[in-house]
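Inside the fold
One-letter residues, chain by chain:
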Amino acid sequence: MTTRRDFLRATAGAGAGAAFGIVPTVKFEGAPAVHIRRVTPVAVASANGREAVAKAMEVLQGGGDTLDAVVQGVNIVERDPNDTSVGYGGLPNLDGVVQLDSSLMHGPTRGAGAVASLEGVKTPSLVARDVMRYTDHVLLVGPGAQEFAKSMGYPIEDLLTEESRRRWVEWRARLSDRDDFLIPEGSMRGGSGFRPESSYGDGLLDSHDGVRPQGTINCNVVNADGDISGVTTTSGLAWKIPGRVGDSPIIGAGLYVDNDVGAAGSTGRGEAVIKTVGGHSVVELMRSGMHPEDACLEALRRVVTYTVEPRLRDELGRPNFGVNYYAVNKKGEYAGAAIFAGSRFAVSVDGDTRVEDSAYLFERD
Ligand code: ASP
C-alpha cells in the first residue's frame, strides 16, 4: 500500500513539517534560552472540518493561542445547522433530545475540560473550555453540565432544526409497523429508508448498525513554537439511548494531547475507541517514535483486535463499522487514518487548506 506519506517521502523530501523539527531549547552561558528551529504550523480535522482548519490556521497566524484556534475552528461546525453530527442541528437521541459531547486539551498548560450529555447549548466545546478554566474538574455531565453552562451565561436553546426533527420523526415511525406511529403516504424522503451517510468524507456508510448516521469533528493543531491543542465535539450516535456517551468527551479516548509529543482524536464508533483508549494510544505510539500515520494505523489494529463480537464483524471477520484517527506531532507531521479505504481528512498547512485521503487498514470490497 502506498500511503500519502510514502509518496511525500519519495517526492518532496518528506513533505510539510517533516523536514523541520523542534530542537530542544538550548541555553548558552549567560544568554537567554533560544529556539533554534521552528515548526511549520499544521491544523488537521475530520473531513467535515475544512472550514475549521482554515479558521484554526487563521487564528494561529494572528498569533492566537492553540486552544483558541481549534475551538474557534469547530465552533463554525457546531453552529452550522446543516451539519447533522455536531452541535446545533445534530441528530437527537431516542427521545428526540439532542445531547452533545465535547472534550478539549491545551498542551502548554496541560489543561483539560469536557462535557457529556449536555442539552440546549449549541457550542459544547466552549462549555468544555469553561470547565477547564473555571472549575477544578475535568468532566461535567447531563443536568449538571447544563446548570454550569447557564451559570456561565449560555442561553439554553432548542437544538433541533426542522430537518433534524423531521428525520427523528421519520425514524420513530419506521421503528415498527406494530406501534401507533404512522408514515403518511408520500411524506418520506428517499424511498425505503434513510440515505446512508457519514460526515467523515468517505462517501460510504460508516455507522455500526448499518443504517445510522454518525459524525463528529475532531481538530488538532501545532503552532510554530511546537505548542499543541485539540478538541473533539459531537452530537454522538443518532437515536442513541438517552444518556449514552461515546468517546468524544472522554479524555484519552476521543482526544488526547501531550505538549511534548502531539495530539490525536477520533471519529466513528465511540465504543470501540473507548475500549482501546484510542487518542492516548496514538499519542503514546508517537512518543515511542512512530510517525502520526503509523501510530494511527497501529491504534486502529487494536480496534480490530478488540472487535470480537460476531454482531460487529463482517463476513471476513473485520469490523463492520468505521473508526478514524487524526493526529499531529510536535514536529508538525500529521496524518488521518481509518479502518477502511475511502475516508478523508482536512488539513491546513503551508498556506494551503485541503482534504486528503486517509491511510487505511482494509480496502472496501
Ligand atoms: N465518535 C462519536 C461517538 O461515538 C460518533 C461519531 O463520530 O460518529 O459518539
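Owing to the predicted nature of the structure, the values given are computational and were not obtained by experimental measurement. (Residues numbered from 1 in each chain as written. Predicted model: local features only at pLDDT ≥ 70, side-chain atom pairs only at ≥ 80, totals over all residues. Heavy atoms only, no water.)

**Structural notes on the sheet that holds strand 8 (residues 262-268)**
Counted only if it meets this: By this definition, two strands are paired if DSSP reports at least two bridges between them. The secondary structure listing takes helices from DSSP runs of H or I that are at least 4 residues long and strands from runs of E that are at least 2 residues long, numbered from the N terminus. Helix axes are fitted to C-alpha atoms over the stretch in contact, other axes to C-alpha atoms as well, and angles between N-to-C directions run from 0 to 180 degrees. In what follows, a contact means two residues having at least one pair of non-hydrogen atoms within 4.5 Å.
Taken in spatial order, the five strands line up as 7-8-9-10-13 in an open sheet, and their pairing is mixed. The sheet is open, and its two borders are formed by strand 7 (255-258) and strand 13 (359-362), each paired with just one other strand. The sheet shows a mean angle of 15° between the axes of neighbouring strands, taken without regard to direction. Bridging between strand 9 (residues 323-329) and strand 10 (residues 334-340) involves five bridges; their strand directions are antiparallel. Within strand 10, the position partnered with V328 by the bridge is Y334. Along the sheet, helix 9 (residues 292-306) contacts strand 9, strand 10 and strand 13; its crossing angle with strand 9, the most-contacted strand, is approximately 150°.

**A look at the sheet that holds strand 5 (residues 217-222)**
Strand order in the open sheet made by the eight strands is 4-3-2-6-5-1-11-12, with mixed pairing throughout. Each end of this open sheet is capped by a strand with a single partner; those strands are strand 4 (139-141) and strand 12 (352-357). Sheet twist, expressed as the mean angle between neighbouring strand axes with direction ignored, is 10°. In terms of strand pairing, strand 11 (residues 344-349) meets strand 12 through six bridges, oriented antiparallel. Bridge pairing links S348 to T353 in strand 12.

**What to know about the pattern of salt bridges**
When the charged atoms of two side chains lie near each other, side chains of opposite charge can form a pair. This is how it is decided: Should a side-chain nitrogen of Lys or Arg be within 4 Å of a carboxyl oxygen of Asp or Glu, the pair is scored as a salt bridge.
Within this structure, the stated rule accounts for 20 salt bridges. D258 is the partner of R110 in a salt bridge, and the nearest nitrogen-oxygen pair spans 2.9 Å. Placement of the pair is R110 in the loop between strand 2 (100-106) and strand 3 (111-118) and D258 in strand 7, with a sequence separation of 148 residues. Of the charged contacts, one joins E271 and R244 as a salt bridge, the two residues approaching to 2.9 Å between their closest N and O atoms.

**A word on the pairing of strand 3**
Test applied: Buried means the residue's accessible area, taken with a 1.4 Å probe over protein chains only, is under 20% of the maximum for its type, while exposed means over 50%, and partly exposed covers the values in between. Look down the strands so they point away from you; if the path from the first strand over the helix to the second goes clockwise, the crossover is right-handed.
With eight of eight residues buried, strand 3 lies mostly within the body of the structure. Here strand 2 runs beside strand 3; their pairing, made up of six bridges, is antiparallel. Each residue of the ladder has a partner; that of S102, found in strand 3, is V115. Taking the residues between adjacent antiparallel strands as the criterion, strand 2 and strand 3 are bridged by four residues, where R110 takes a positive phi near 60°. Relative to strand 4, strand 3 is paired through three bridges, and the arrangement is parallel. Along strand 4, the bridge assignment pairs A116 with V141. On the question of chirality, the crossover connecting strand 3 to the parallel strand 4 by way of helix 4 (residues 124-134) is left-handed.

**Some details on a nonpolar patch on the surface**
We apply this condition: In this scheme, patches are assembled from residues that exceed 30% relative accessible area and form no salt bridge. Like charges are connected within 9 Å, while nonpolar side chains (Val, Leu, Ile, Met, Phe, Trp, Tyr) are connected within 5 Å. For every accessible area listed, the method is Shrake-Rupley and the probe measures 1.4 Å; residues are considered covered only by the protein chains on display.
Together, V138, L139 and V141 line one region of the surface with nonpolar side chains, adding up to about 230 Å² of accessible area. Positionally, L139 belongs in strand 4.

**Thoughts on the packing of aromatic side chains**
Stated precisely, the cut-off is as follows: Planes of paired rings set the category: under 30 degrees apart is stacked, over 60 is edge-to-face and the rest tilted, where pairs are Phe, Tyr or Trp rings (Trp by its six-membered ring) whose centres lie within 6.5 Å.
Summed over the entire model, instances satisfying the criterion amount to three aromatic pairs. When the ring of W171 is compared with that of W239, the centres are 5.2 Å apart and the planes differ by 15°; the resulting orientation is stacked. Placement of W171 in helix 6 (residues 162-174) and of W239 in the loop between strand 6 (228-234) and strand 7 is noted, with a sequence separation of 68 residues between them. Like W239, W171 is buried. Considering the side-chain rings of F340 and F362, the 5.9 Å spacing of their centres and the 50° angle between planes classify their relative orientation as tilted. Of this pair, F340 sits in strand 10 while F362 sits in strand 13, and the two are 22 residues apart along the sequence.

**Quick word on the pairing of strand 2**
The side chains of a regular strand alternate between both faces of the sheet. For strand 2, the tally of buried residues reaches seven of seven residues, placing the bulk of the element in the interior. Of the two faces of strand 2, the one lined by L100, S102, L104 and H106 and the one lined by D101, S103 and M105 are each fully buried. In this sheet, strand 6 lies alongside strand 2 in antiparallel orientation, the contact comprising six bridges. Directly across from H106, in strand 6, lies its bridge partner S229.

Structural measurements only, silent on function.
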